[in-house]
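Observations on chain architecture
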Amino acid sequence: MATSEEPAKQGHPNQAFGWAATDTSGVLSPVKFSRRATEEKDVRVKVLFCGICHTDLHMIKNEWGKTRYPLVPGHEIVGTVTEVGSQVKKFEVGDKVGVGFFIGACHSCDNCGNDLENYCPKKIYTYGSTDYDGTATQGGFSDFIVVEDRYVVRIPDNLPLDAAAPLLCAGITVYSPLKYFELTKPGMHIGVVGLGGVGHVAVKFAKAFGVKVTVISTSPNKKKEAIELLGADSFLVSHDQDQMQHAMGTMDGIIDTVFAVHSLLPLLGLLKSHGKLIMVAAQNKPLELPVYALMSGRKVVASSLSGGLKETQEMIDFAGKHNITADIEVVPMEYVNTAMERLMKGDIRYRFVIDTGNTMKAGQDKIAQ
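Calculation notes
Residues numbered from 1 in each chain as written. Predicted model: local features only at pLDDT ≥ 70, side-chain atom pairs only at ≥ 80, totals over all residues. Heavy atoms only, no water. Helix = DSSP H or I, 4+ residues; strand = E, 2+ residues; numbered from the N terminus. Rg over C-alpha atoms; globule rule 2.2 N^0.38 Å. Buried < 20%, exposed > 50% of the residue type's maximum accessible area, 1.4 Å probe, protein only. Axes fitted to C-alpha atoms, helices over the stretch in contact; angles between N-to-C directions. Parallel < 35°, antiparallel > 145°, perpendicular 65-115°, else oblique. Left-handed = near helix turned anticlockwise from the far one by under 90°. Contact = heavy atoms within 4.5 Å. Nonpolar A, V, L, I, M, F, W, Y, C, P; charged D, E, K, R; others polar. Phe/Tyr/Trp six-rings, centres within 6.5 Å; stacked < 30°, edge-to-face > 60°. Lys NZ or Arg CZ within 6 Å of the ring centre and 35° of its normal. pLDDT = per-residue confidence, 0-100. Pairing = 2+ DSSP bridges. Salt bridge = Lys/Arg side-chain N within 4 Å of Asp/Glu carboxyl O.

When helices and strands are tallied, the protein chain shows 12 helices and 17 strands. Taken over C-alpha atoms, the radius of gyration comes to 20 Å for the protein chain, in line with the 21 Å a tight globule of 369 residues would show. If one aligns the C-alpha atoms of the protein chain with their principal axes, the spans along those axes are about 65 × 40 × 40 Å. Counting every position in the protein chain, which comprises 369 residues, the buried fraction comes to 56%.

This is the structure we're talking about:
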């Protein structure tokens, strides 16, 4: 991936419009940029909705030290196909589709050969990366995007596009580890740490698989929504020692969705022998790993990063079959900076989605000519 010190080439024939961060303040403003013409294997997508992910917040502020400005974020993209290349057979104009967090890979490594493009060392991120032709990739806070067809997924007809958008990141982020680490067997007991944009989707997918779900949170006031609205079976307040002690050794696996630095020891105590603690959020600082707590029960701490394209399509089809969507707050494009501030404070139930299709044009007149 290109860094902030490695400028990418610019210049494509099609003018696009979006909102970009231009420095570490993370403030987004309207910007004109360019996208490539639709090539023979490409699909051009009119962006109708784009979810806001916590990764967007990290990237616009360069908190991971690899942001290149100007940066148009957004990798939870849904919309309709408006043009297809001459060799595209899977999609037609008018199809409802989605684009997730990466749009390219080498197609020759072992990971790519096993439908794990998400682990390809040369994968190209939807934004903040360098495309095959050396130009900067820009994300879905924009009016359209051009993507190779193999990186586009079909959205089931029964899923509303706005509430389906976060599944392209949050959904596959939890679906993939649940499947890979074999935490989907009916009757299993799974913990979900954190009830935010990713955590609430984890509850929904786990329940659809038929497992018992306990939400683990620092916020006692989330108990009612976890159980009554999302269908969790039980709720633990992580700083309540009595509750945590009572639940020791009861869980087969835990999906930890919390970005803030926190202790792993209490969570490892909740696991049965051979239990698995799966980290799916990228903390800014290293976490302490208490090895003895692993040894005492042959427990595992592991992680997972999104999913390959085959699995992402499988996930979205599963969501369609079980009517799984994210709980969202739809906002206009011009609200994006306020949404970012609220996201930083955790003031959202549970995912912001930008109505790009109806509100993107409102900011165009703000661009200096």
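Attention shifts here to the packing of helix α4 (residues 170–180) against helix α5 (residues 199–209). Two elements in contact, α4 and α5, have axes whose closest approach is 9 Å; the angle formed by their N-to-C orientations is 40 degrees. Comparing the axis directions of α4 and α5 gives the class oblique. The element α4 and its partner α5 pack so that their crossing is right-handed. Contact residues: A170, G171, V174, Y175, L178 and K179 in α4; V201, A202, F205, A206 and F209 in α5. Partitioned by chemical class, the residues of the contact of α4 with α5 number 9 nonpolar, 1 polar and 1 charged.

Under the criterion given, the structure shown has 9 aromatic pairs. Looking at R44, its charged tip hangs above the ring of F144, at a distance of 3.7 Å from the centre. One cation-aromatic arrangement involves K66 over Y125; the distance from NZ or CZ to the ring centre is 5.7 Å.

As a further point, take the side chain of T312. Mapped onto the elements of the fold, T312 is located in helix α10 (residues 309–322). Under the relative-accessibility criterion, T312 is labelled buried at 8%. In this structure T312 touches V153, L168, I172 and G307, once residues within four positions along its chain are discounted.

Moving on: the confidence of the model for the protein chain. Of all residues in the protein chain, 95% attain a pLDDT of 70 or more, and the chain-wide mean is 94. Here residues 1–9 scores under 50 on pLDDT; set against residues more than four positions off or in separate chains, the count is 27 contacts.

Sheet architecture is open: 6 strands sit in the order β12-β11-β10-β13-β14-β15, paired in parallel fashion. Two strands lie at the open edges of the sheet, namely β12 (234–237) and β15 (300–303), each paired on one side alone. In this sheet, adjacent strand axes meet at a mean angle of 20 degrees when their direction is disregarded. In this sheet, strand β13 (residues 251–256) lies alongside strand β10 (residues 189–193) in parallel orientation, the contact comprising 4 bridges.

What follows concerns the packing of α5 against α10. Closest axis-to-axis distance for the α5/α10 pair is 11 Å, and the angle between their directions is 75 degrees. Classified by the angle their axes make, α5 and α10 are roughly perpendicular. The residues of α10 that touch α5, namely those facing F205, A208 and F209, are M315, F318, A319 and H322. Looking at the contact of α5 with α10 residue by residue, the class counts come to 6 nonpolar, 1 polar and no charged.

Evaluation of the coordinates by the stated rule reveals 12 salt bridges. Close ionic contact of E148 with R150 constitutes a salt bridge, the shortest N to O distance being 3.0 Å. For E148, a relative accessible area of 11% corresponds to the buried category. Taking relative accessible area as the criterion, R150 reaches 37% and is therefore assigned partly exposed. Across the salt bridge formed by D347 and R342, the nearest N and O atoms sit 3.0 Å from each other.

Extensive coverage of α5 is indicated by the burial of 9 of its 11 residues. Against the buried residues of α5 lie α4, β10, β11 (212–217) and α10. At the C-terminal side of α5, G210 shows a positive phi close to 95 degrees.

Let's shift gears to the environment of P186. If you trace the backbone, P186 turns up in the loop between α4 and β10. Classification of P186 as exposed rests on a relative accessible area of 66%. Separated by 21 residues in sequence, P186 and K207 have C-alpha atoms that sit 9.1 Å apart. With residues up to four places along the chain from it excluded, the contact list for P186 reads F209 and G210.

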